[in-house]
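# Per-entry structural report
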Amino acid sequence: MQDAYKTIRIANEILTLADEHGVEVSFLIQTGDQWVNGECEDDSVEAFPAIVHIMMNLGTRYDNEELMHAFELLDEAGTRSMR
């Protein structure tokens, strides 16, 4: 249960950071997921310094596995709300 709570807390923080930096949530979820999975190309993120700032910030406080779970949760929640 503790892991689920932490994942929800991290997901909430991601949403808050997106709002604070004026980044579209769906774009941050997609890019953040690619970032933590090592699938994000350097030149594609350089065009979005807010994304780099957010991900570097998150990366100093959480490991990639924790972030992966949070981005998966946000992606699933977004997919369900579109049904």
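Residues numbered from 1 in each chain as written. Predicted model: local features only at pLDDT ≥ 70, side-chain atom pairs only at ≥ 80, totals over all residues. Heavy atoms only, no water.

### Section: the overall build of the protein chain
Threshold: A run of DSSP states H or I qualifies as a helix once it reaches four residues; a run of E qualifies as a strand once it reaches two. Both are numbered from the N-terminal end. Each radius of gyration is computed over the set of C-alpha atoms, and the globule rule expresses the reference value as 2.2 Å times the number of residues to the power 0.38. Burial status follows relative accessibility: with a 1.4 Å probe on protein chains alone, a residue under 20% of its type maximum counts as buried, one over 50% as exposed, and anything between as partly exposed. Contacts: residue pairs with any heavy atoms within 4.5 Å of one another. All accessible-area figures derive from a Shrake-Rupley calculation using a 1.4 Å probe, and residue coverage is judged against the displayed protein chains alone. When charges are tallied, Lys and Arg are placed among the positive residues and Asp and Glu among the negative ones, while His and the ends of the chain are skipped. Where a charge lies is defined by one atom per residue type, namely NZ (Lys), CZ (Arg), CG (Asp) and CD (Glu).
Counting its regular elements, the protein chain contains five helices and zero strands. Reading the protein chain from its N end, one meets helices and strands in the order α-α-α-α-α. Relative to its length of 83 residues, the protein chain is compact, with a C-alpha radius of gyration of 12 Å against a globular reference of 12 Å. C-alpha atoms of the protein chain, sized along the principal axes, occupy 35 × 30 × 25 Å. Across the 83 residues in the protein chain, those meeting the buried criterion constitute 30%. When contacts within the protein chain are restricted to residue pairs at least 6 apart in sequence, long-range pairs at least 24 apart make up 70% of them. For the protein chain, the computed accessible surface area is about 5600 Å², with 51% contributed by carbon and sulfur atoms. Here the protein chain contributes 5 positive and 17 negative side-chain charges, whose respective centroids are spaced 11 Å apart.

### Quick word on the nonpolar core
To be explicit about the condition: We call a set of buried residues a nonpolar core when its members are Ala, Val, Leu, Ile, Met, Phe, Trp, Tyr or Cys and they connect through side-chain atoms within 4.5 Å of each other.
Among the nonpolar cores identified, the biggest contains 18 residues, and Ile14, Leu28, Met55, Leu58, Leu67 and Phe71 are the most heavily contacted of them. Elements represented by at least two residues in this core include exactly helix H1 (2–21), helix H2 (25–36), helix H4 (49–61) and helix H5 (64–81). With sequence-adjacent residues up to four places away left out, isoleucine 14 is seen in contact with Leu28, Leu58, Ala70, Phe71 and Leu74.

Just geometry here; none of it tells us what the structure is for.
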